[in-house]
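Structural overview for review
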Amino acid sequence: MELIQLTSDYEMKPFDCGDPELNGFLRENAKPFLENRLAKTYLFCEGKQIVGYFCLLNDKLSKQEVANSDWRRIKKLFPHAKHMGSYPAVKIGRFAISLQFHNQGLGKYLMYVIKEYLLRDPGYSMFRFLTVDAYLDAVPFYERNGFRKLTPMREQGDTQAMYFDIQSVIEI
């Protein structure tokens with residue numbers, strides 16, 4: 001299997017993860033997001049078949065957006081002199097595995113690939129956290145992959161804000 005960065009000229013293959021919104025994003029929005037510099041989408045492929053995909057965009061963890069108890073827990077990760085009002089993050093905007101490959105451990109593997117990819121090639125800037133607005137039924141998956149829930153200051157509806165401290169996978 002290989003990881004391919006979506007390009008504007010990529011000939012999109014069929015994909016069905018069982019969620020119309022996630023399917024629609026890949027089919028209709030991934031290329032416009034790339035062209036408008038909003039998010040990069042990566043395809044996890046086996047031959048010509050898309051097994052899964054994810055998209056990444058810039059984000060931040062901000063004091064104004066999370067409950068005080070969560071913010072105190074985040075601040076404790078830094079020396080007092082480095083306490084700030086927000087910390088840089090990379091957001092997983094979308095994450096999906098094809099129905100054909102559900103329950104085979106590929107979601108866990110792809111989450112590992114994301115973390116390793118971001119550590120190996122952070123691009124032109126640095127970040128400390130990986131964030132996601134997880135569908136409520138996906139929260140256990142993200143928790144098993146080391147993400148922690150955030151209590152947002154505003155109601156989020158059918159998603160749960162979560163974060164992962166990328167520093168936890170760096171060997172010191």
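Right, let's walk through the structure included here. (Residues numbered from 1 in each chain as written. Predicted model: local features only at pLDDT ≥ 70, side-chain atom pairs only at ≥ 80, totals over all residues. Heavy atoms only, no water.)

Another point: the sheet that holds strand β2 (residues 40-46). Pairing is mixed across the open sheet formed by 7 strands, whose spatial order is β1-β2-β3-β4-β5-β7-β6. Only two strands of the sheet have a single neighbouring strand rather than two, namely β1 (2-5) and β6 (148-149). Where strand β3 (residues 49-62) lies against strand β4 (residues 86-97), 11 bridges are found, and the strand directions are antiparallel. The residue bridging C55 from the neighbouring strand is R94, located in β4. Contacts from helix α2 (residues 68-75) reach β3, β4, β5 (129-135), β6 and β7 (159-165) within the one sheet, and its direction differs from that of β4 by about 105 degrees. (Pairing = 2+ DSSP bridges. Helix = DSSP H or I, 4+ residues; strand = E, 2+ residues; numbered from the N terminus. Contact = heavy atoms within 4.5 Å. Axes fitted to C-alpha atoms, helices over the stretch in contact; angles between N-to-C directions.)

For the rest of this paragraph, the subject is the pairing of β4. Across 4 bridges, the pairing between β4 and β5 is parallel. Across the sheet, V90 pairs through a bridge with L130, a residue of β5.

What follows concerns the packing of aromatic side chains. Under the counting rule described, the total for this entry stands at 17 aromatic pairs. Centroid distance F15 to Y53: 5.5 Å. Interplanar angle 80 degrees. Geometry classified as edge-to-face. Here F15 is found in the loop between β1 and α1 (20-35), whereas its partner Y53 is found in strand β3, with 38 residues between them in sequence. Each residue in the set W71, F78, Y87, F129 and Y163 is aromatic and connected to the rest through ring pairs, giving one cluster. Across from the ring centre of F164, 3.8 Å away, lies the NZ or CZ of K115, which sits over that ring. (Phe/Tyr/Trp six-rings, centres within 6.5 Å; stacked < 30°, edge-to-face > 60°. Lys NZ or Arg CZ within 6 Å of the ring centre and 35° of its normal.)

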